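Coordinates in review
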Amino acid sequence: PASRLKYFFDYLDSPEAAIAQDAFAEFAVAEYKDLQAIASKLPAATVTKWLKDPNTSPSRFGLYGSMLGHCGNAKEHAAFLREMLQDPKKRFSSGIDGMLAGYVMLAPKEGWKYICDILQDSKQEFLARYAALRAIRFFWDYRPDVIPPDQVVDAMKLLLDQGDIADLPIDDLRRWKRWELMDTIIGLYGKETHKVPIVKRSIIRFALDAPKDNTKAAAFIKERRAEDPERVGEIEQLLELERTPIKTEPKK
């Protein structure tokens, strides 16, 4: 797969739109480990040229930013990605997460601070904070060697007090089994800013998914059952479906 991706790289800027799109589609469905295997060997000058090109589709910025994070150098290309992200003339509709990840890979300390500044600023547009969230998920899933998991959790916690996005970090923290945050998360339930149904559901899900011996979670769920047993039952059913592995038919 990595060798194929290296081949397709040369066609990402093909003058024939169908060929260029097919090459991009191969990267879009590729596993990260295969991209990582060849990314450090890609020509940084070519990737930078594509990012500078006003004709480059915004849908490609994420891929190209991530590529540059692997093959660029800290001094030149970290500054270039930051300038792109801060350019007031640019209004990115997609790809911010890939550029943020690329920036962090090139300059971990400065890049991570930049992401955390976005996350903790509730005045930032939702899409900017969501892109930063997606970027920190990347480091949890694929690059703990760059940003340690506990540091990723600390960054995720910056979003918990923001009612318009809190459901997303709560669900991530639940999947990551960060039960030490039980007090913090169930404490959000009564906040005026967190009364949106989707946020309240995510808090209940967090408590329901905790280990059975978690007394604080059990007490919280007991209160919620007394208030609305039907809602809690529905959430339990959805969690059970999530835990049930999907059965596939054996190949003939």
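Structural notes, computed from the coordinates. Given the structure is predicted, the values throughout are model-derived calculations rather than measurements.

The rules we used
Residues numbered from 1 in each chain as written. Predicted model: local features only at pLDDT ≥ 70, side-chain atom pairs only at ≥ 80, totals over all residues. Heavy atoms only, no water. Helix = DSSP H or I, 4+ residues; strand = E, 2+ residues; numbered from the N terminus. Buried < 20%, exposed > 50% of the residue type's maximum accessible area, 1.4 Å probe, protein only. Contact = heavy atoms within 4.5 Å. Areas by Shrake-Rupley, 256 points an atom, 1.4 Å probe, with all protein chains shown as cover. Lys, Arg positive; Asp, Glu negative; His and termini not counted. Charge placed at Lys NZ, Arg CZ, Asp CG, Glu CD. Salt bridge = Lys/Arg side-chain N within 4 Å of Asp/Glu carboxyl O. Phe/Tyr/Trp six-rings, centres within 6.5 Å; stacked < 30°, edge-to-face > 60°. Patch = residues over 30% accessible without salt bridge, like charges linked within 9 Å, V, L, I, M, F, W, Y side chains within 5 Å. Axes fitted to C-alpha atoms, helices over the stretch in contact; angles between N-to-C directions. Left-handed = near helix turned anticlockwise from the far one by under 90°. Nonpolar A, V, L, I, M, F, W, Y, C, P; charged D, E, K, R; others polar.

Notes on the overall build of the chain
Within the chain, the regular secondary structure consists of 15 helices and zero strands. Once the C-alpha set of the chain is aligned to its principal axes, its extents read approximately 65 × 55 × 30 Å. With 252 residues in all, the chain has 48% of them scored as buried. Counting only contacts in the chain whose residues sit at least 6 apart along the sequence, the fraction spanning at least 24 positions is 64%. Accessible surface, the chain as shown: approximately 14,300 Å² in total, 53% of it carbon and sulfur. For the chain, the separation between the mean place of its 39 positive charges and that of its 39 negative charges on side chains is 1 Å.

Focus: the pattern of salt bridges
Counted by the stated rule, this structure contains 23 salt bridges. Its salt-bridge partner being Arg 205, residue Asp 171 comes within 2.7 Å of it at the nearest N-O pair. Taken together, the residues span a long stretch of sequence, with Asp 171 in helix α11 (residues 167-175) and Arg 205 in helix α13 (residues 197-209) at a distance of 34 residues. As far as burial versus exposure is concerned, Asp 171 and Arg 205 are alike and both buried. Arg 174 serves as the salt-bridge partner of Asp 209, at 3.1 Å between the closest nitrogen and oxygen. With Asp 209 in helix α13 and Arg 174 in helix α11, this pair connects stretches of sequence that are 35 residues apart.

A look at the packing of aromatic side chains
All chains considered together, the criterion is met by 14 aromatic pairs. When the centroid spacing of 5.1 Å and the interplanar angle of 45° are considered together, the rings of Tyr 32 and Tyr 142 count as tilted. Here Tyr 32, found in helix α3 (residues 32-39), pairs with Tyr 142, found in the loop between α9 (126-141) and α10 (149-157); they are 110 residues apart in sequence, far enough to count as distant. Taking relative accessible area as the criterion, Tyr 142 reaches 45% and is therefore assigned partly exposed. Ring centres of Tyr 189 and Phe 220 lie 5.3 Å apart, and the angle between their planes is 80°; on these two criteria the pair is classed as edge-to-face. Highlighted residues: Tyr 189 in the loop between α12 (182-186) and α13 and Phe 220 in helix α14 (residues 215-227), separated in sequence by 31 residues.

Details of the environment of Trp 112
Tracing the chain through its elements places Trp 112 in helix α8 (residues 108-120). Of the residues examined, Trp 112 reaches a relative accessible area of 6% and is grouped as buried. Spatially, the C-alpha atoms of Trp 112 and Leu 158 are 13 Å apart, while their sequence positions differ by 46 residues. Residues contacting Trp 112, with those up to four places away along its chain left out, are Val 104, Ala 107, Ile 136, Phe 139, Ile 147, Gln 151, Val 152 and Ala 155.

Notes on helix α5 (residues 61-71)
For α5, the tally of buried residues reaches eleven of eleven residues, placing the bulk of the element in the interior. When we look at burial in α5, the residues that qualify are Phe 61, Gly 62, Leu 63, Tyr 64, Gly 65, Ser 66, Met 67, Leu 68, Gly 69, His 70 and Cys 71. Residues of α5 that are buried make contact with α1 (2-9), α2 (17-28), α3, α4 (44-52), α6 (74-86) and α7 (96-106).

A word on the environment of Leu 181
With respect to the element layout, Leu 181 can be found in the loop between α11 and α12. Since its relative accessible area comes to 8%, Leu 181 is described here as buried. For the pair Leu 181 and Ile 170, spaced eleven residues apart in the sequence, the C-alpha separation amounts to 9.7 Å.

Quick word on the side chain of Ser 66
Tracing the backbone shows Ser 66 in helix α5. The residues contacting Ser 66, other than those within four sequence positions of it, are Leu 35, Gly 98, Gly 102 and Met 105.

Some remarks on a nonpolar patch on the surface
On the surface, Tyr 7, Tyr 11 and Ile 19 cluster together to form a nonpolar patch covering roughly 290 Å² of accessible area. Relative to the helices and strands, Ile 19 resides in helix α2.

So, the packing of α7 against α8
The N-to-C vectors of α7 and α8 enclose an angle of 145°; their axes lie 5 Å apart at closest approach. Pair α7 / α8 crosses with left-handed handedness. Along the contact surface, α7 presents Leu 100, Tyr 103, Val 104, Met 105 and Leu 106, while α8 presents Pro 108, Glu 110, Gly 111, Trp 112, Tyr 114, Ile 115 and Ile 118. Of the residues contributing to the contact of α7 with α8, the split by class is ten nonpolar, one polar and one charged.

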